[in-house]
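One letter stands for each residue in the lines below.
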Amino acid sequence: MNLSLRAAALLLPLLLHDVQSAGDEQISGRHLRRNNKSSSSSLGLEESDETMSGNEEDLRRRLMKVHHDDMMFQALSCNANVSVDTCLGPDAVPFSTIVAAADLTPFDAIVKGVAEATQSSTCWGRPASYAINGDHGNFSHTCENSDSPAWWMVDFGDDNTAVGEVEIVNCQSGRKYRMVGANVEVLDADMSIVASKVVEDEQDIYYFNFDGAIGRHLRIIQHSKFNQAYEPLNIGEVEVYRAPALATGQTPYEHRYIKPGSNLTSEYVTGEAHIPCGVCAIVDYTNGDTVEIPRGINVEGMLYFPPTANVELRTPHLYVQGNLKIDAPNDDDGNKIKVHMIDTGYEQFMIPHVENEDQCSAVGCNFGKKAVGIAGGTLDIQALPDPSCPTWTFLKAVLDEEEGTNQVLEVGSKAAECWGRRLGNEILITDTIGWKSYASLIGTIASVNIDAGTVTLSSPPTTHTESNEKDFSDFNGQAPAGWISTLANDPDYPAEVAILSSSVTFDADTTQGNAGGRSWHCNVEQRRIGGHMMISHTSAVQRIEGVEFKNFGQSGKLGRYPIHFHICGDVSGSIVRKNIVRSSHQRCVVVHRSNNVIVEENVAFGHKGHCFMTEDRVETGNVFRKNLGADGQSLTCVENILGDKGDNQASTYWISNPKNQFIDNVAAGSINGFWISGGNDPIGMFSGNIAHSNLNEGIKLYEGNYRPNAPSLFVNSKSFRNYRQGVRLHLNKNIVFKGLLLADNGIAVSSFDNNNEIVFEDMTVIGLTAKAREFSVSLNPPISSGLHKETGICRFCQHTISGVKFASDPGHTQLSLQSVSFHGFEPHFDGTSEYDILALRLWGAFPGMHGAGGTILHGGDKRFWNMPFLEGVTIDSTDNGFDFERQLLTDQPQKMHGYFQDVNGTFHVDGPGVFIPQDSSGVVPDAPEFSFLADHRCNKANSRPDSLALFCAGSCIRKVFVHSNCPGDLLVTSTSTNEQSTFPPTRFRTLSAGWGKGYATDVWSTNLHVAFLPNDHYQLGCKNESGEIVNPKYMKVTFDGKTYQIRNNNNCCEHGWYDMNFARPPPLCSPYVDQGSFQLPEVPLYQHYEANEFLHPSNVAAEADGIKLWGVQFGGAHFGPVNFGTPGESRAVLLNWKKLSSHVRVHMRLDDGTLIGSVGNNDVEIDIPPEVSGIHEVIFTAHRFAGTHHFAKIISFDILPPFPTTSPTMSPAPTSSLVPTGIPPSMYELACGSSASACAGRRQSAEINELHPLRCCADFDLGKAWERKYPNSCPAGVFGASKLGDTCHKAVTFSEGKSICESKGGRLCTIREVLSNCVRWTGCQLDKEMIWTATDTKSVMGIVFTPNDNSKWFPFGSTLEDTGELAFSVKATNDAHVALGSAEVHPTSRYVPNHVEIFIGGWGNKRSGIRPATGDVKNQIETSGAYLSGSDYDTFRISWTPTDIKLEHLAVCDWVPMVTMDRSSLGIIIDRAIVMTGWGSSGEFKHFQGLPSSCEA
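Residues numbered from 1 in each chain as written. Predicted model: local features only at pLDDT ≥ 70, side-chain atom pairs only at ≥ 80, totals over all residues. Heavy atoms only, no water.

### As for the overall build of the protein
Logical step 1: Within the protein one finds 12 helices and 116 strands.
Logical step 2: With 1497 residues in all, the protein has 61% of them scored as buried.
Logical step 3: Across the protein, every contact between residues at least 6 apart in sequence was considered, and the portion connecting residues at least 24 apart equals 73%.
Logical step 4: Only carbon and sulfur atoms are counted for the fraction: they give 49% of the accessible area of the protein, which is about 54200 Å². (Helix = DSSP H or I, 4+ residues; strand = E, 2+ residues; numbered from the N terminus. Buried < 20%, exposed > 50% of the residue type's maximum accessible area, 1.4 Å probe, protein only. Contact = heavy atoms within 4.5 Å. Areas by Shrake-Rupley, 256 points an atom, 1.4 Å probe, with all protein chains shown as cover.)

Here you go:
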């Protein structure tokens, strides 16, 4: 090919790069690395430590440039007119010309295998030669404290050695600091120092460049002292590379720095085969030449491989800043293109084009060893001779199966046509018998018959490991074990057959590597460094089709994978299609922070770590379609594990972000098939996927806590012949599997720990297929020990097959099986032993379940457990339908408190009933839930020889909650049989020392008993700790509705794992117990509570003799439930308490916030208003005007019997308005959604059937959607939400709103909470709307609610007289303000003209008084003291005459003066009152109705 004049002109700077004057300092960053810096970063480099000459400031500026994650390489504008037409036109440059102009001198290592090393002393048997023996683990070691100084040295054997790169691997024994401060020196033959570098910090690997310094020796010497003594040297490995010579044969030159002020593209010398921007080079090698390009290839223009290309290029790197285009080589000519990445022994750096110079440091971007790096450029590789050719298909038949040679394979006409174009290509046949290491088969194509759709192999296919690891060498060359599955002989489970060869190959030297120098963790063979392709920070469209990648990937090196989109953003249109990845040392196709890539019809075989994956959980819109991954292995070496990605349990598909699509993919013979590892969104699409022959799980949702916020659909997929589980669930929620086929798995579905709302619909579960039964004997060869025994070469050695295996899970709905059919669970004997085969198996800590959603009492800690819903479930044979985990019952009989309610009679021939366990001796466990199942009703459940299940035909068990204060057991007596049983108290909450403000002792609640009872009539009783019959303080029986909430040791709801728990609906079986089945004991009206009976605190401190209370802002202590008797009874509370601070009051409230009363000073008695009735929790809080220490201690309290009916009654003045019991209110309050809206502070009444917007509140954080807004105004501990279940509710009735809030674990907000901004800015654009509240209109009639907003006034009451008084009660923590003036002035701000202002509790409830004008602080008259309690109404009176204005407060029955102001000079007319709260407080104002009758006496 002739070189045109224009092309020569374009190429001239490159051809003349060696003709610089001898005095010029030649430059390059290509192979320069950071001195004394680790090279672990992917691209960006830190500041270099090299000493520079010239313009130091400009040089330092350039060296400080690093690549940032949010910066992108840009397409080079100088390539705007470069295309394939350019390459085929007169301006094209032959690539051979480019190569000829490059530096073709190979790099060589000076010291390996030939040099002699010495050191100042030798200890621990570690000589100097250990540092140059190629093994990083065998390090040299000088003696401790004996050398002054310590040194190590190597002799090159030549006085005129030009030293270039030096790499030093630090010893990893924990003494890396010993290298710090050492000098690395080049010495001449006379031992004079020629050049020296300093080790400045502690690193795993150090890189130095001596720029061609001429010398004889390299010495590492430690002059520094540690702890007043000279430290020894421990050196893992030293590699020294000769400085390269110029292509013209000149003497060695200084290794290339950037000259200060130079241009990055015109004045650096790299020796690369460099294609300048704007130039197209066409590959003109056509004879199968092997071309060495030792300095690498840098494509800034275009490099084009036409169909005529036939060449192998061997190079350490290929950088694409422009365009790389490869067309399919001519099949007829047998052309092939191979790019082979060679190992130079050190990291490679790319110098960016000037248009992208800011993207890298001055020494370049670190792409590492053996890199195909794309930085702003594009790949256009269309290496498919026929794009319609399949890369893999399902094997139709083996035509010589009976002969046992397995050489004639029916693959279909198109596959035969395509794959037969190059005879000698290899094909892959996956194994579908069950997992075994490297069980897939390899064969070579000898001939094809297109019409018959067959390929004939040159010899029978055999196993091949795609690995040189010693531990697996005996797997090579083995014949298939058993049969080869095909569509003909095993139609639902055929093997896949794939082409493994391509005419375009990217290959690499595979060298023994080390990730960080910790070599003792791994066998040498496990540390394998191949090539890698990285598309870095480049948003251009990429096309990679028809390429074979072999020996790519670098073990343990982050970012070094066969195909890697690295932080590319949106790359819509990019395609990775029909490629082959073989022998990958780390992963296959990795999409990292890149979106909208199509990855389809690729074949991966013999990979380490995950294969097809999204990396950082943020990738979206990517499509993985019809890919095949086979024979994946884990990265088992400790140093090779990459972060938290789980490559030590490799999965063919690792799905870190579900917002991508996975369609018709196959995972065959890896450790895991599909691993969904976290995320909160439904999966984009998961359809038609197949997972088979994997060691662990086919479809794995374990360890990722995948709990999407809406149902995530997995459809029409298969998971079969996986050694352990077909589907594994763990901590999951909102998952729907539809149309799933599970077969021949150790466990078809394994549900373990806290799964919620998981649905399996239209699923087929097959225990053992006919094919598996047929070959089970031949698949069980005796294996005594070693790797194969543990990893499953024996396909069904476990002899245990489970269909759906359930574990006990707290507070969750668990699985739902709908229209699920079980087949293949008949007994099976393989000639050696009987299989333990079972359709449903209960395991873990023994659940009990209903076929329609039942419940369980956990044996050990007595928490409650829910189990699956079964509907439309069928099974071929009930012999192996259901049983308990045999080993668990045998080994842990205390866990036998469980049962299974077979509602429809699916699992037993005798129809509906209940399964209960017995121990191995045939004894029914001593568990109360089985006490009332008569022996004659329960028989052995099945014919399984080791079954421990009994079946009680016709029995229907229901979970019963008995709430009581029984100090001991609950006594239950059957009135029909007089049988008795006791139920211990259930303790579902324990609080340990160290939480919050601290506890002195563990405290338990003992107020709930749970029984599982068949239909009958029962008498309930109560025992004390001594077993004596006593009357409880209260007792009630419940079945349905909200029952309790599980808390962790921090007394906090774990909303991720532990959702709100609800009692299940009545069982579908019948008859069952109901309220009419129970006779309760008489409850005494006198009750005594000790402090240690409290339920849970909010930042209180529990001590042996009481509960210490902090201020109300820290919460209170909860007790109960307490029985307040029937309506109308007048009773009292006698409180035994102790003041810990002065001026403190203790308030007692109900769990709904209603104030019962309070005590202060030496008071001990609180009257219970007659409206209070029924069973409630009570809450004690302490109130004091200031301080952060403990205020009071609760020791005990008593609920006293009713007062005599003739005795007068009184309530504390003032008291809160209580809602009368009886007929439910018909009107409730609406309140404005935000104090910043036009409707701020507004409220109105609404009928319960009206439609209004909804927001909800909760007393703890329920997770996503629930927020703690405006804590300065919203009451402590209240969380708000608007978007519930991703739905906004803008028009609901009161009842609908209440139900919606409670279904999400919350409640309707009170009017005060809404007006206090608890739900403001929580979404759905409801801030300007009137929101439903839980406050009924009658209960708040006459009350004015004021928000925490010191700029808004609200009208209070009717028209006033110019002489008069205003008596009112206010509830606020501070700053209750009243302004008196004329109604002619509209309050538009904090300052209202012609109004006098009365303020109460200003400055943090410390000062009160009167101001002559609103906001006139300067002229106010005030008094000190804390007059507001915060959670109770305090009463005040303002009176005025023409001459003065007076403020008073009510103390029991007397008005006590506070402050008086002269009115005569104010000139204010008073005819109305307005009120306000602010400065951190909201409030409630109401008119005072007069002193209680007791005061009149």
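### Looking at the pairing of strand 31 (residues 454-457)
Logical step 1: Sheet analysis places strand 28 (residues 408-410) next to strand 31, joined by three bridges and oriented antiparallel. Within strand 31, the residue paired with Leu409 across the bridge is Val455.
Logical step 2: Pairing between strand 30 (residues 441-449) and strand 31: four bridges, direction antiparallel. In the sheet register, Ile445 faces strand 31, and the bridge partner there is Leu457. (Pairing = 2+ DSSP bridges.)

### Digging into the side chain of His1395
Logical step 1: Mapped onto the secondary structure, His1395 falls in strand 109 (residues 1395-1401).
Logical step 2: A polar side-chain atom of His1395 sits 3.0 Å from a polar atom in the side chain of Arg1472.
Logical step 3: When near neighbours in sequence (up to four residues on either side) are disregarded, His1395 contacts Ala1379, Leu1380, Gly1381, Ser1382, Val1385, Pro1412, Ala1413, Thr1414, Ile1468, Arg1472 and Ile1474. (Polar contact = N/O pair within 3.5 Å; in protein donor to acceptor, adjacent residues only side chain to side chain.)

### Some thoughts on the sheet that holds strand 12 (residues 234-242)
The pairing of strands in a sheet happens through backbone hydrogen bonds and is either parallel or antiparallel.
Logical step 1: Taken in spatial order, the four strands of this open sheet run 3-12-5-8, and their pairing is antiparallel. Here the strands that pair on one side only, and so sit at the sheet edges, are strand 3 (140-141) and strand 8 (205-215).
Logical step 2: Relative to strand 12, strand 5 (residues 161-170) is paired through six bridges, and the arrangement is antiparallel. By the bridge assignment, Val169 is partnered in strand 12 with Glu237.

### Digging into the state of the cysteines
Logical step 1: Enumeration over the complete set of coordinates arrives at 12 disulfides.
Logical step 2: The partner cysteine of Cys123 in its disulfide is Cys143, sulfur to sulfur 1.9 Å. Judged by the sign of its S-S torsion, about 100°, the cystine formed by Cys123 and Cys143 is right-handed. Within this pair, whereas Cys123 is found in the loop between strand 2 (116-119) and strand 3, its partner Cys143 is found in the loop between strand 3 and strand 4 (150-155), the two being separated by 20 residues in sequence.
Logical step 3: For Cys143, a relative accessible area of 12% gives the class buried. (Disulfide = S-S within 2.5 Å.)

### Points about the sheet that holds strand 112 (residues 1434-1440)
Logical step 1: One open sheet holds the six strands; their spatial order is 105-116-107-112-113-114, and the pairing between them is antiparallel. Edge positions in the open sheet fall to strand 105 (1344-1346) and strand 114 (1454-1462), since each of these has one partner strand only. The average angle at which neighbouring strand axes cross in this sheet is 25°, direction not considered. (Axes fitted to C-alpha atoms, helices over the stretch in contact; angles between N-to-C directions.)

### Some remarks on the confidence of the model for the protein
Logical step 1: Scored by pLDDT, the protein comes out at a mean of 78, with 76% of its residues at no less than 70.
Logical step 2: Every residue in residues 1-69 scores below 50 in pLDDT, and together they form 190 contacts with partners more than four places removed in sequence or on other chains.
Logical step 3: Predicted confidence is poor over residues 1041-1063, with pLDDT under 50, and the contacts of this stretch with residues over four places away or in other chains come to 69 contacts. (pLDDT = per-residue confidence, 0-100.)

### Some points on the environment of Gln348
Logical step 1: You can see Gln348 is positioned in the loop between strand 21 (337-341) and strand 22 (349-350).
Logical step 2: Given a relative accessible area of 0%, Gln348 falls into the buried group.
Logical step 3: Taking the C-alpha atoms as reference points, Gln348 and His317, separated by 31 residues in sequence, lie 7.4 Å from one another.

### Details of the environment of Glu185
Logical step 1: Looking at the secondary structure, you find Glu185 in strand 6 (residues 183-187).
Logical step 2: Excluding residues within four positions of it along the chain, Glu185 makes contact with Ile193, Ala195, Ser196, His217, Leu218, Arg219 and Ile221.
Logical step 3: There is a polar contact of 2.7 Å between the side chain of Glu185 and the side chain of Arg219.

### With respect to the environment of Glu1165
Logical step 1: Its location among the elements puts Glu1165 in strand 96 (residues 1165-1168).
Logical step 2: A residue is classified by how much of its surface remains accessible, and Glu1165, at 41% relative accessible area, is partly exposed.
Logical step 3: Along the sequence, Glu1165 and Phe1197 sit 32 residues apart, while their C-alpha atoms lie 9.6 Å from each other.

### Some details on helix 9 (residues 1294-1303)
Logical step 1: Of all the residues in helix 9, the buried ones are Phe1294, Gly1297, Ile1300 and Cys1301. For helix 9, the angular spread of the buried residues around the axis is 130°, confining them to a single face.
Logical step 2: Of the residues one or two after helix 9, Gly1305 is the one with positive phi, at around 90°. (Arc of directions from axis to C-beta.)

### Some points on the pairing of strand 88 (residues 1087-1090)
Logical step 1: Residue alternation in strand 88 divides its side chains into a buried set, Gln1087 and Tyr1089, and an unburied set, His1088 and Glu1090.
Logical step 2: With four bridges connecting them, strand 88 and strand 98 (residues 1192-1199) associate as antiparallel partners. When the bridges of strand 98 are listed, Gln1087 appears paired with Ile1199.

### Quick word on the nonpolar core
Logical step 1: Counting residues in each nonpolar core, the largest one holds 107 residues, and the members touching the most others are Phe95, Phe506, Phe737 and Phe760.
Logical step 2: Leaving out residues up to four positions away in the same chain, Phe760 has contacts with Val727, Leu729, Phe737, Leu740, Val749, Leu815, Ser816, Leu817, Gln818 and Val820.
Logical step 3: Core analysis: the second largest hydrophobic core is formed by 37 residues, Leu395, Cys418, Ile580 and Ile766 among them. (Core = buried A, V, L, I, M, F, W, Y, C linked by side-chain atoms within 4.5 Å.)

### What to know about unusual backbone geometry
Logical step 1: A cis geometry characterises the amide bond from Ser148 onward to Pro149, with omega recorded as 0°.
Logical step 2: With respect to the secondary-structure elements, Pro149 resides in the loop between strand 3 and strand 4.
Logical step 3: Between Ser1070 and the following residue, Pro1071, the backbone shows a cis peptide bond with an omega angle of -5°.
Logical step 4: In this structure, Pro1071 sits in the loop between strand 86 (1061-1063) and strand 87 (1078-1079).
Logical step 5: Positive phi, close to 55°, is recorded for Asp762, a residue that is not glycine.
Logical step 6: You can see Asp762 is positioned in strand 62 (residues 756-766).

### A few points about the packing of aromatic side chains
Logical step 1: Here the structure, examined in full by the defined rule, presents 31 aromatic pairs.
Logical step 2: Where Phe882 meets Phe884, the ring centres are 5.2 Å apart and the plane angle is 75°; that geometry is what we call edge-to-face. Of the two residues, Phe882 and Phe884, both sit in the buried class.
Logical step 3: Between Tyr1270 and Trp1321, the aromatic rings sit 6.2 Å apart at their centres with planes inclined by 65°, giving edge-to-face as the arrangement. Of this pair, Tyr1270 sits in the loop between strand 101 (1256-1258) and strand 102 (1279-1281) while Trp1321 sits in the loop between helix 10 (1311-1315) and strand 104 (1330-1336), placing them 51 residues apart in sequence.
Logical step 4: Relative accessible area serves as the criterion here: at 26%, Tyr1270 is assigned to the partly exposed category.
Logical step 5: These aromatic residues form a ring-pair network of at least three members: Phe612, Tyr653, Phe674, Phe686, Phe714, Phe737 and Phe760.
Logical step 6: Positioned above the aromatic ring of Trp1321, the side-chain terminus of Arg1320 is 5.4 Å from the ring centre. (Phe/Tyr/Trp six-rings, centres within 6.5 Å; stacked < 30°, edge-to-face > 60°. Lys NZ or Arg CZ within 6 Å of the ring centre and 35° of its normal.)

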